[in-house]
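Chain residues, written in single-letter form:
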Amino acid sequence: MEENRYSPQETEKKWQEIWKKKDFHNTDLSEKKRKKFYGLVMFPYPSGDKLHLGHWYNFGIADSAFRFQKMQGQNVFAPFGFDSFGLPAENFAIKTGVHPADTTEANIKVMERQIDEIGGMYDFDKEVVTSRPDYYKWTQWLFLQMYKNGLAYRKNEPANWCPECQTVLANEQVQGGKCDRCGSEVTRKMLNQWALKLSSYAEKLLDYEGLDWPEKTIKMQQNWIGKSHGAEIDFRLTDGDGILTAYTTRPDTIYSVTFVCIAPEHPLVDDLVKGTKYEKEVNEVRSKINKQTLIERTSEGGEDKIGCFTGRYVVNPVTKEEIPVYIANFVLMYGTGVVMACAHDQRDFEFAKKYNISLRFVISENGEKTDPKNFEGAYTGDGVLFDSGDFSGMNNREALPKMVSFMEGLGFGRATVNYKLRDWLLSRQRYWGAPIPIVYCDKCGEVPVEESSLPVELPRNVDFKPTGDGMSPLAKCSDFVNTKCPKCGGPAKREVDTMDTFVCSSWYYLRYPCSKMTDKPFDKDVLKKWMPVDLYIGGPEHACMHLIYARFVNRVLFDLGLIDHKEPFKKLIHQGMITKDGAKMSKSKGNTVSPDEFVAKYGSDVLRMYLMFMGPYSDGGDWSDKGIVGISRFQDRFFRVIADEKEVVDMNEMHRSLHKLIKKVSEDIESFHFNTAISALMEFVNLAMKNGLDRASKKVLVQLIAPLAPHLAEECFSLIGEEKSVFESVWPKFDKKLIVESKVKLGVQVNGKVRGEIEVDIDASKEDVLELARSLSNVQKYLVLGEVVKEIFVPGKVIGFVVKEK
């Protein structure tokens, strides 16, 4: 290395080898002296062959946040792993013919090397890889705990089906009627599916007490869970053969109900039409609806409404009218799966118009009777009730609770709370996933695999191409399928569906501190010390999938007494998205940017700081390498400031500036405003190049840049004679006295208007300040126009004169 010349390639390799040799990033989980800090990034899919800049933006900058906490004196645990099951790896295997186990492991090795090149302080000694048997053994164990406690069950019903991915999708994986993975239109398919009772935890998932999470993320989850207050109203079938119970948030419209709609997939539909002349038509319409996407089913527009009469009638409990029952595509299995339909809902209105069903209004703006025939659409606003019995003349919102009490009194309705959150469908008709530990025996029926027999290993010798018939590729592997019943020992067949990969990622944070254990998935006492995760960093796109699933699983384990903490992630930070030409970076779009060439040319510290410098961490930005040279020059200037032996020109001024810098950088890193922290460092380095720095100030400056440029900091720390790592030093504190400004600029007012400006010592006397103010030529010319009747002086804030003109 040339004197006063920094070589990032040589230096970074040197310090990475030193860190590795000393096991510097391996956390002693048993240490009791320092306070624990569990920092975690959402682990990546090793489906691509390399990390791209989007990964770097997450892992590199998260590493800086964790290093900052380490220098705050905390025992930082920052583990790393790979979410390695799933469609990307399997689809690549289908395309290339190379087994997903082989490509996955090869990609993991490449990505581990790249994480080292970032200079990440991640603890790979505690690594977890979800596709390895020593991990998914415990994913299967988790499933069995759910099963034994009535939270895992199998059901036959229409499921979201992606024809491109050839598998079922959970509701959370359908965005705008399309597969969130490949973008294909999602259809509905009747399949036997395993599900977890996510909906039973809806209310508990609405409890965010003690969580430091983005308000937007909490709001997204609240909307997805969809808690609503309403009423269940019973409509008796006219032949006395049962009741249809509708859920509504608008019981105030009960007097306007002229028909009832039931979801096509509702189990009661078969009972309603069986053996009647309507059965054939109903089944044909149900089949047609089954092929529709969710968007098609729920969109507005009369022509999109599909349904038919079931041949059955119910009684409106308040008007006593007999009203028809229809199946309708816009009715989903939300609430009770039955809707009381009226002219005060747009979709009901459109359906009624298409099928010539009578409509009736009972609310208008002023309470005057109106006829739906004179309107093109529903009246959905608030107003005054009419034709509503004793409630006529009342505001509908004021009447609503009274009407519910009225229904409860007569026994045909009741106030209730409902949630949009559905159960979690976890069956996947694909190969590359954790096998579901269930067998089917002709004698014993559905039987869970014994825990002592776990893992149920995924066989390697399988034709993993999807069959397209809704069956998993594992169904073709007789050696896997055929087994013995755990209960009777007779012949049995294994479940051939695999688990949704979100099951794997729903509990991995619990495994990291216990990754070496072979007899149990985690230790309650270890987790009592290390959980919850203090800082969790990942993308906002996981708000209504991974983050809900992880909270659900964590809460179940808490309720079962297996862990002591209710929530997995105490503080949550979302990184922004790094785009290329305005589009999200992804291998499928062919627009990923590899960091390797920039690391080779500029070093990883420069790339890390350049990504930070793009803007606030939560905003992200569009990638361009035009400014990276500027960051490289800053790195060189920083090194020269530390290496140069230059006499300090103004020690007091430099110390004041340094302590302001400590405050600024500390606050900015804490709030993830890395871009402004770097700007402040640049400004100070420019000042230091002119004025010089003493050794003590150099040490502080190196400490301040250490989380942002770890290799550079280690080299500079060594250069000034420090023997230990900079990350073993304590983060500097600023002196409050030194950051207080010694001078202040004041505008000089004459009769309320600013006529000049002066700079004075902050503790200057009134007499000195007034004298200096009067000396300003532009102030003097206004003072001589009359008599000064008042002098105004507020120390450090206001100086002025009131002049009475002659």
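Residues numbered from 1 in each chain as written. Predicted model: local features only at pLDDT ≥ 70, side-chain atom pairs only at ≥ 80, totals over all residues. Heavy atoms only, no water.

Chemist: Where do I start with empty space enclosed by the protein in this structure?
Modeler: Remark: the empty space left among the atoms is shown by a probe the size of a water molecule rolled over them. Using the criterion set out here, one finds two cavities of 30 Å³ or more in the structure. Residue lining of the largest cavity: T139, L142, F143, M146, L196, W424, L426, V503, S506 and V553, and that is the complete set. Ranked by residues supplied to the lining of the largest cavity, first place goes to helix α5 (residues 133-148) with four residues. When its volume is computed, the second largest cavity comes out at roughly 30 Å³. If you trace the second largest cavity, you find it lined by V744, L746, V760, D761, I762, A764, V769, F793, P795 and G796. (1 Å grid on protein atoms, 1.4 Å probe; cavity = no way out; pocket = protein on both sides within 12 Å on 5 of 7 lines; lining within 4 Å. Points joined across faces, edges and corners; volume = space filled by probe spheres on them. Helix = DSSP H or I, 4+ residues; strand = E, 2+ residues; numbered from the N terminus.)

Chemist: So what exactly am I meant to see when it comes to the pairing of strand β1 (residues 36-41) here?
Modeler: Sheet faces and side chains relate simply in a regular strand, where the side chains alternate between the two faces. Counting buried positions along β1 gives six out of six residues, so the element sits mostly inside the fold. Judged by which residues are buried, β1 turns out to be covered on both faces: K36, Y38 and L40 on one side and F37, G39 and V41 on the other are all buried. As judged from the three bridges shared by β1 and strand β2 (residues 75-77), these two strands associate in the parallel manner. Bridge pairing in β2 places Y38 opposite F77. In terms of strand pairing, β1 meets strand β26 (residues 535-538) through three bridges, oriented parallel. Across the sheet, the residue bridging to L40 is Y536, located in β26. (Buried < 20%, exposed > 50% of the residue type's maximum accessible area, 1.4 Å probe, protein only. Pairing = 2+ DSSP bridges.)

Chemist: Hey, could you run me through the packing of helix α19 (residues 604-613) against helix α20 (residues 628-643) in this one?
Modeler: Helix packing geometry: the angle between the two helix axes and the distance between the axes. At a closest axis distance of 9 Å, the pairing of α19 and α20 adopts a crossing angle of 120°. The pairing of α19 with α20 is recorded here as oblique in orientation. Crossing of α19 against α20: the hand is right-handed. Between α19 and α20, the contacting residues are D605, V606, L607, M609, Y610 and F613 on the first element and I628, I631, S632, F634 and Q635 on the second. Taken together, the residues of the contact of α19 with α20 break down into eight nonpolar, two polar and one charged. (Axes fitted to C-alpha atoms, helices over the stretch in contact; angles between N-to-C directions. Parallel < 35°, antiparallel > 145°, perpendicular 65-115°, else oblique. Left-handed = near helix turned anticlockwise from the far one by under 90°. Contact = heavy atoms within 4.5 Å. Nonpolar A, V, L, I, M, F, W, Y, C, P; charged D, E, K, R; others polar.)

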